[in-house]
Amino acid sequence: QEKVQLWLPPYHQREEGDDDATKSDALRNLAQLLAEQLSSSSKAPLKVDDVYSILSQLQSHALQKLKKYCVDIKILATQQHFANLSSDDDVFASWGDTVATIKNGNTKKSLIVLRVENISSTLNVDKLSSELCCALNATTARVIFKGKHISSSSSGGEGNNLRKIVSSNDGKDEQKKNELLCIVSGHGYVPPAPAAASSVEGSATDTTARTDKEIIDSIRSSASRIAYNQSGFEITDQNGNLVPMSQTDSISLLTALGLHRIGRSKMEKCRESNDDEGDKRNSLASALVFLLEADAEWQCSSTLDIWKTKVDNYGLLQLDIAWNYLLLGSLENLTDATRRLEIAETVLRKQVHSNFVTLALVNAESNNPIPPLCTIFVRLFLLQGVANKMRNCNDTAAERLTWARLLCQQLRASCPPDRVEILCGAYCVEPSTAISALRKFNGDPDAAGNFIASLRDDEARSAKRRKRQHKLGKCANNSDFVNLDLVQTLSDLLGFGGVNNNTNDGRDDQTTSNLICSGVLRLTNNDIEKSLALYNEIGAQGVLQRAAQLDKDTGIRRASIQDKCEVSDVDVASLVSMGVEEERGRNALRATGNVDSALLWLLKDDDNKTRANGS
């Protein structure tokens with residue numbers, strides 16, 4: 001009836017920096033008061049100890065229930081921001097039942113940690129950001145929870161209610177405290193606009209948060225459009241062959257790459273700009289939002305989870321996140337940065353030979369050329385050296401920084417600016433391409449130029465291969481494309497004669513021999529042994545019929561073989577001069593497309609007829 005709240009002072013006290021709550025004398029006094037009141041109205045007197053025990057149980061129950069609503073709010077800002085913070089203890093009192101400072105920023109640190117117990121049910125991202133910016137005279141405050149940026153809800157709903165967000169992990173990780181990271185940037189608080197005008201103008205903080213959210217939503221929408229456009233997005237391996245990927249996985253991959261690129265561009269812009277520290281910090285905080293969103297996209301698919309170790313994109317993302325932490329001076333995230341650097345090293349080392357780094361260091365010490373890929377490892381070793389130095393792991397830090405220095409010196413020596421400028425002008429390429437080519441050939445401009453020209457030829461060949469794979473169609477599993485290398489191998493095994501997949505532009509794909517080889521590979525999902533067995537079982541005609549049915553099922557339309565394979569009179573005359581009947585010679589040429597393959601086809605046809613007559 002008196003609405004006594006046992007989980008709040010004076011009945012429940014918590015010392016600064018101490019996780020163990022202590023019961024105050026107020027709880028004992030309350031027990032004594034209640035015991036006297038209840039004893040006067042009852043026949044049997046109540047013992048104070050019994051009442052105190054009951055109150056303690058009620059208090060423990062309430063505290064356990066409210067434990068999931070306790071959150072540590074880490075405020076990362078500059079000393080200039082914290083200089084505006086009032087000494088008044090009630091500045092953030094509306095955030096919860098109790099708001100206590102458990103860590104203070106000082107002249108060397110730029111972090112304050114507030115512990116909020118029983119976080120208010122009305123506290124959302126907008127309110128927290130606005131009050132934080134007001135107290136610190138800041139422009140923007142971004143809120144991050146468990147590595148994910150929490151944007152303001154433009155719909156005005158409860159999607160950004162912090163009480164619901166911090167309690168969403170109830171029962172999953174009881175030992176780990178709920179923590180919110182607030183990155184404060186910009187100077188000069190702009191009050192929120194009136195409600196009537198907020199839909200048009202809005203506050204500076206809300207506008208900035210919505211802008212980031214709108215960009216993220218735009219990238220996801222664009223990724224969906226590209227993924228559902230069959231001709232708009234392709235993934236290839238190092239040989240230029242198409243790699244199948246579901247539309248859902250394609251959307252996640254495209255979104256992750258797009259968000260990563262935006263975050264990286266913001267970091268580069270911050271490095272190159274002449275803005276003041278406040279604006280640079282604002283750009284870095286915004287970049288971190290995109291990088292963390294990109295990291296979250298990589299976790300959305302089991303397929304992408306496998307791809308993490310197959311491509312270097314995921315490792316490079318971890319490097320950028322760790323680098324952003326260090327630029328922001330977020331020492332509280334040093335453990336997370338170290339963890340991400342370990343992931344990056346694991347991913348990047350899987351892309352190269354096991355002795356790649358060792359050989360590169362030996363060559364660098366001997367002043368020999370090293371691969372351009374060492375650039376990535378320079379970044380990795382540099383960041384690891386800085387992180388280990390901050391953790392007082394001086395030996396490891398010295399080792400990694402030495403590695404970074406050796407590799408960096410050799411890389412810089414192999415690409416002088418004048419040679420980079422010459423290559424850029426001669427081959428119309430970006431400086432990054434010219435630098436990479438020069439590093440590959442230890443600064444030799446002629447070899448680097450030839451390499452750039454060969455890259456263009458390789459890309460042209462890869463484009464032709466992709467076009468041929470699209471033209472031949474997908475396999476029976478409706479996922480894989482025909483492996484062009486296996487088409488050539490199977491053609492040799494069946495005695496049809498092979499084609500050069502590196503120079504062939506697809507003109508021979510409609511010959512009967514190639515249709516048989518590609519068709520049987522499609523039917524068996526690129527299994528060479530099953531392809532041979534199926535061909536021996538149903539023969540060439542059976543393969544063509546089943547492949548035609550597969551084309552019909554998948555909606556592929558092909559012109560007739562006779563229309564595609566024109567028979568040359570010269571080729572017919574060559575076969576006739578060898579004693580082949582003209583009609584059989586034309587049929588053989590129609591089936592194979594050239595004289596050599598036609599002769600093999602005729603020999604196999606004669607063998608089949610002989611076996612048929614003998615049986």
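The structure presented is a predicted model; accordingly, all values stated were derived computationally and were not measured.

**Here we look at the nonpolar core**
Here comes step 1: Leu288, Trp298, Leu319, Phe377, Leu380, Phe381 and Leu407 are the most contacted members of the largest nonpolar core, which has 60 residues in total.
Here comes step 2: The greatest single-element share of this core, amounting to 10 residues, is contributed by helix H9 (residues 277–298).
Here comes step 3: By size, the runner-up hydrophobic cluster in this structure holds 30 residues, among which are Ile75, Leu132, Ala135 and Ile165.

**Looking at the confidence of the model for the protein**
The predicted coordinates should not be examined in detail at positions where pLDDT is low.
Here comes step 1: Residues of the protein with pLDDT of at least 70 account for 80%, and the chain-wide mean is 78.
Here comes step 2: For the protein, helix H6 (residues 195–198) is the element with the lowest average pLDDT, namely 41, and helix H14 (residues 374–390) is the one with the highest, namely 93.
Here comes step 3: Of the regions scoring below 50 in pLDDT, residues 16–21 engages in 10 contacts with residues more than four places distant in sequence or in other chains.
Here comes step 4: Note on residues 170–175: pLDDT under 50 across the span, and 2 contacts to partners over four residues away in sequence or across chains.

**Focus on the packing of aromatic side chains**
Here comes step 1: Evaluated as defined, the whole model comprises 6 aromatic pairs.
Here comes step 2: Between Phe381 and Trp403 the ring centres are 5.1 Å apart and the planes differ by 70 degrees, which places this aromatic pair in the edge-to-face class. In this pair, Phe381 sits in helix H14 while Trp403 sits in helix H15 (residues 394–413), placing the two residues 22 residues apart along the sequence. Here the two residues Phe381 and Trp403 agree in accessibility, since each one is buried.

**Topic: a nonpolar patch on the surface**
Here comes step 1: On the surface, Leu331, Leu382, Val386, Met390 and Leu401 cluster together into a nonpolar patch covering about 390 Å² of accessible area.
Here comes step 2: Take the nonpolar patch: its biggest share by element is 3 residues, from H14.

Conventions and cut-offs
- Residues numbered from 1 in each chain as written.
- Predicted model: local features only at pLDDT ≥ 70, side-chain atom pairs only at ≥ 80, totals over all residues.
- Heavy atoms only, no water.
- Core = buried A, V, L, I, M, F, W, Y, C linked by side-chain atoms within 4.5 Å.
- Buried < 20%, exposed > 50% of the residue type's maximum accessible area, 1.4 Å probe, protein only.
- Helix = DSSP H or I, 4+ residues; strand = E, 2+ residues; numbered from the N terminus.
- pLDDT = per-residue confidence, 0-100.
- Contact = heavy atoms within 4.5 Å.
- Phe/Tyr/Trp six-rings, centres within 6.5 Å; stacked < 30°, edge-to-face > 60°.
- Patch = residues over 30% accessible without salt bridge, like charges linked within 9 Å, V, L, I, M, F, W, Y side chains within 5 Å.
- Areas by Shrake-Rupley, 256 points an atom, 1.4 Å probe, with all protein chains shown as cover.
- Salt bridge = Lys/Arg side-chain N within 4 Å of Asp/Glu carboxyl O.

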